[in-house]
Amino acid sequence: MLLGNADTSLTRALGSMLEPLGYRVVAVSSGRELSNRVAGLGPDVILMDANLRDVDSVSLCRTLRGSSAVPWNAPIIMLTSAPATRQQRLAALAAGAWDYLSVSLNREELLLKLDVMARLKLEMDRTLEDSAVDPASGLYTMRGLERRARELTSEAFRRHAPVACVALAIDLEPVAKASAAARLPVAARYAAEILQTRGRASDVIGGLGQGEFAVLAPATPPEGAVRMAQRLSQMLETAGPRPVGLPRLRVRAGYEAVADQHATPIEPASLLEHASTALHQASATGAGERIRAYRT
């Protein structure tokens, strides 16, 4: 739990209430510090003062809600020690806050509200682990990719057809390491949007990790997989307009493909694993290969 509040006595009081219940509370004293700590912490819950001294709290809430560093289902709760007006509550809720609470609530009521929201977020996380699609990005999850790989390889086996998987990784043109780490979530979201809007309707696009993607391609032989990797790489590197401040992307790719799934069958998990391995082999070559086939 990330707590942003300049009142040290209130921070200590909230910490003493929450930590015995199993929460790990990280406290910061300003809105700017809260914003800077979010990406590294990935908090399950954000508690923030409704009247931060250094930034507008409602604007910060809106920024956090739109940030890829804050999970879409993470509760952001505004806290106030003063009576709240209807307009203040509505502004906070419109900015993406889950609630606007007064710290003058009795201890039991405040803890119950926080606990319900935290449990709801964790329950959603568990549900999403079993989901085929990530609702935040619209991409297939690993579980979804594995399921679709089984379907595609089975269909290709029946039809004596080819099937391929292309794995892609994005990087940023040379920038400072800290700057690249901060910008990668934005770049990954941008790349996901491009792949979804400009990819073939028949392809299955999913996430492999931060800045890494897999594209399952039915009816695509090895030579077609090479062309697909080239096309997708060029598309990601040249598409525009890019988000403000985002440098040009650099893309590497790895692939696995069979010309006839019936004649040379490949397991669904191996199709994904081999493409991912080829991608990491390509990335390890530095300035060498940009697109690499899987090699044993």
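Just so it is clear, the model here is predicted, and its values are computed rather than measured.

**Q** Explain the environment of G206 here, please?
**A** Residue position: G206 is located in strand 7 (residues 204–209). In this structure, the C-alpha to C-alpha distance between G206 and G31, residues 175 residues apart in sequence, is 34 Å. Residues contacting G206, with those up to four places away along its chain left out, are L139, Y140, L145, E212, F213 and A214.

**Q** Quick question: what am I supposed to make of helix 3 (residues 57–65) here?
**A** Each α-helix turn comprises 3.6 residues. Residues three or four places apart therefore point the same way. All of the buried residues along helix 3 are S57, V58, L60, C61 and L64. Projected down its long axis, helix 3 shows its buried positions confined to an angular sector of 160°, all on one face. If you follow the buried residues of helix 3, they end up packed against helix 2 (31–41), strand 3 (46–49), strand 4 (76–80) and helix 4 (86–94).

**Q** Which parts of the structure should I look at to understand the layout of surface pockets?
**A** By rolling a water-sized probe across the atoms, one finds the places where empty space is left. Of the voids in this model, the largest pocket is the one considered here, and its volume is about 1,000 Å³. Every residue lining the largest pocket is counted, 35 residues in all, and those nearest its centre are S68, D134, A136, S137 and Q210. Where the lining of the largest pocket is concerned, the elements lending two or more residues are helix 5 (107–129), helix 7 (177–198), strand 7 and strand 8 (212–218). Of the residues forming the lining of the largest pocket, the biggest block, seven residues, is contributed by helix 7. Across the lining of the largest pocket, the residue classes break down as 17 nonpolar, eleven polar and seven charged. The calculated volume of the second largest pocket comes to roughly 340 Å³. Lining the second largest pocket are 16 residues, and of these M1, G22, Y23, R24 and D44 lie nearest its centre. With four residues, the single largest contributor to the lining of the second largest pocket is helix 5. Class assignment for the residues of the lining of the second largest pocket results in ten nonpolar, two polar and four charged.

**Q** When you look at the sheet that holds strand 6 (residues 163–172) in this model, what are you seeing that I'm missing?
**A** As a general point, the strands of a sheet are linked pairwise by backbone hydrogen bonds and lie either parallel or antiparallel. The five strands lie next to each other as 7-8-6-9-10, forming an open sheet whose pairing is mixed. The strands lining the two open edges of the sheet, one partner per strand, are strand 7 and strand 10 (291–293). The sheet shows a mean angle of 20° between the axes of neighbouring strands, direction not considered. By the bridge criterion, seven bridges tie strand 6 to strand 8 in an arrangement that is antiparallel. Along strand 8, the bridge assignment pairs L168 with F213. Taken strand by strand, helix 6 (residues 142–159) contacts strand 6, strand 7 and strand 8, and its axis lies near 135° from that of strand 7. Lying over the sheet, helix 9 (residues 268–284) contacts strand 6, strand 8, strand 9 (249–258) and strand 10, oriented at roughly 140° with respect to strand 9.

**Q** Looking at this structure, I do not really get the nonpolar core. What am I missing?
**A** A general tendency of soluble globular proteins is for nonpolar side chains to be buried together. In this structure, V166, L168, I170, L195, L236 and L249 are the most contacted members of the largest nonpolar core, which totals 30 residues. Those elements that provide at least two residues to this core are strand 6, helix 7, strand 8, helix 8 (222–238) and strand 9. With seven residues, helix 7 is the largest single contributor of residues to this core. With near-sequence residues (within four places) excluded, V166 lies in contact with F213, A214, V215, A225, M228, A229, A253, G254 and Y255. Of all hydrophobic cores here, the second largest spans 21 residues; its members include L2, V38, I46 and L52.

**Q** How do you make sense of the pattern of salt bridges when you look at a structure like this?
**A** Any two side chains of opposite charge can pair if their charged atoms end up close together. For the coordinates displayed, the defined rule picks out eleven salt bridges. Measuring nitrogen to oxygen at the nearest pair gives 2.3 Å for the salt bridge that ties R158 to E155. Here R158 pairs with E155, and both are found in helix 6, just three residues apart, close to one helical turn. The class of R158 is exposed, set by a relative accessible area of 55%. Given a relative accessible area of 28%, E155 falls into the partly exposed group. One salt bridge in this structure joins R250 and D171, with 3.6 Å as the shortest N-O distance. Of the two residues, R250 is situated in strand 9 and D171 in strand 6; the sequence distance between them amounts to 79 residues. Under the relative-accessibility criterion, D171 is labelled partly exposed at 39%. Each of R89, D99 and K113 takes part in one network of salt bridges that share partners.

Criteria and thresholds
Position numbers for residues start from 1 in each chain and track the written sequence from start to end. Side-chain atom pairs in this predicted model are given and counted only at pLDDT of 80 or more, local residue features only at pLDDT of at least 70, and totals for whole chains, interfaces and linings cover all residues. By convention in this description, side-chain values take in all heavy atoms of the structure and omit both hydrogens and water. We count a stretch as a helix when DSSP gives it H or I for four or more residues in a row; a strand needs E for two or more, and each element gets its number in order from the N terminus. Note on contacts: a residue pair qualifies if any of its non-hydrogen atoms lie within 4.5 Å across the two residues. A 1.4 Å probe rolled over the protein chains alone gives each residue an accessible area, and that area as a share of the maximum for its type sets the label: buried under 20%, exposed over 50%, partly exposed in between. The directions considered for the arc run from the helix axis to the C-beta atoms. Only protein atoms enter the calculation, which uses a 1 Å grid: trapped sets of points that fit a 1.4 Å probe without letting it out are cavities, open sets showing protein on both sides within 12 Å along at least five of seven lines are pockets, and any residue with an atom within 4 Å of a point is a lining residue. Grid points are joined across faces, edges and corners, and a volume is the space filled by probe spheres set on the points. Amino acids are sorted into nonpolar (Ala, Val, Leu, Ile, Met, Phe, Trp, Tyr, Cys and Pro), charged (Asp, Glu, Lys and Arg) and polar (every other residue, Gly among them). Paired strands are those between which DSSP finds at least two bridges. Lines are fitted to the C-alpha atoms to define the axes, a helix being fitted only along its stretch in contact, and any angle between axes, read from their N-to-C directions, falls within 0 to 180 degrees. The definition of a nonpolar core used throughout is a set of buried Ala, Val, Leu, Ile, Met, Phe, Trp, Tyr and Cys residues joined through side-chain atoms within 4.5 Å. Salt-bridge detection follows one rule: a side-chain nitrogen of Lys or Arg within 4 Å of a carboxyl oxygen of Asp or Glu.

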